[in-house]
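# Per-entry structural report
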Amino acid sequence: MSDTSRELISFIQASPSVFHAVAELQRRLDEAGFTRLSERRTWPLEKGGKYYVTRNGSSLIAFKVGKDAGELRFQFSAAHCDSPTFRRAA
């Protein structure tokens, strides 16, 4: 089994609900050096910074800021797990 497959299985096992999935993603982002931001405050973004924001424990957005002042580049990846939700087989 590939490392990617093992990582996916590990994530799914740690995420029986959308709330668990967001918590697991937060843990992984924190471990990777991302900074959590508040929706209620001005974001002190820095060149080369890595950030994420959550809402209601059920959604998460993560992003990186470019290192060069003139760099205007976007990369997005999106997914949702609210419907259908994760389920454990009986």
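Chains are numbered independently. Their residues run from 1 in the order of the written sequence. Per-residue local features of the predicted model are confined to residues with pLDDT of at least 70, and side-chain atom pairs are confined, for both listing and counting, to 80 or more; whole-chain, interface and lining totals are unaffected and use all residues. In computing side-chain values, all of the structure's heavy atoms are included and hydrogens and water are not.

With that out of the way, let us pick up the packing of aromatic side chains. In this scheme Phe, Tyr and Trp rings, the latter by its six-membered ring, pair at centre separations within 6.5 Å, and the angle between planes marks the pair as stacked below 30 degrees, edge-to-face above 60, and tilted otherwise. Under the definition given, this model contains 2 aromatic pairs. Where tyrosine 51 meets phenylalanine 63, the ring centres are 5.7 Å apart and the plane angle is 35 degrees; that geometry is what we call tilted. Within this pair, whereas tyrosine 51 is found in strand 2 (residues 50-55), its partner phenylalanine 63 is found in strand 3 (residues 59-64), the two being separated by 12 residues in sequence. When accessible area is computed with a 1.4 Å probe and restricted to protein chains, residues below 20% of their type maximum are described as buried, those above 50% as exposed, and intermediate ones as partly exposed. Here phenylalanine 63 falls in the partly exposed class, since its relative accessible area comes to 23%. By way of ring pairs, the aromatic residues Trp43, Tyr51 and Phe63 are connected into one cluster. What counts as a helix is a DSSP run of H or I of at least four residues, what counts as a strand is a run of E of at least two, and both are numbered from the N terminus.

Checked against the element boundaries, methionine 1 lands in the segment before helix 1 (3-13). In contact with methionine 1, not counting residues within four places along its chain, are Arg6 and Ile9. Two residues qualify as a contact provided that any one of their heavy atoms is within 4.5 Å of a heavy atom in the partner residue.

DSSP-based pairing: two strands are paired if at least 2 bridges between them are found. Bridge count between strand 2 and strand 3: 6 bridges; the pairing is antiparallel. Its bridge partner being in strand 3, valine 53 is matched across the sheet by isoleucine 61. The antiparallel pairing of strand 2 with strand 3 creates a hairpin that spans 3 residues between the two strands, and asparagine 56 there sits at a positive phi of about 55 degrees.

One less than the residue count of a helix, multiplied by 1.5 Å, gives the span that helix is expected to have. Here helix 2 (residues 18-31) spans 20 Å end to end across 14 residues, near enough to the 20 Å set by a 1.5 Å rise per residue. Contacts from the buried residues of helix 2 go to helix 1, strand 1 (35-37), strand 2 and strand 3. Positioned one or two residues after helix 2, glycine 33 has a phi angle of 90 degrees, which is positive.

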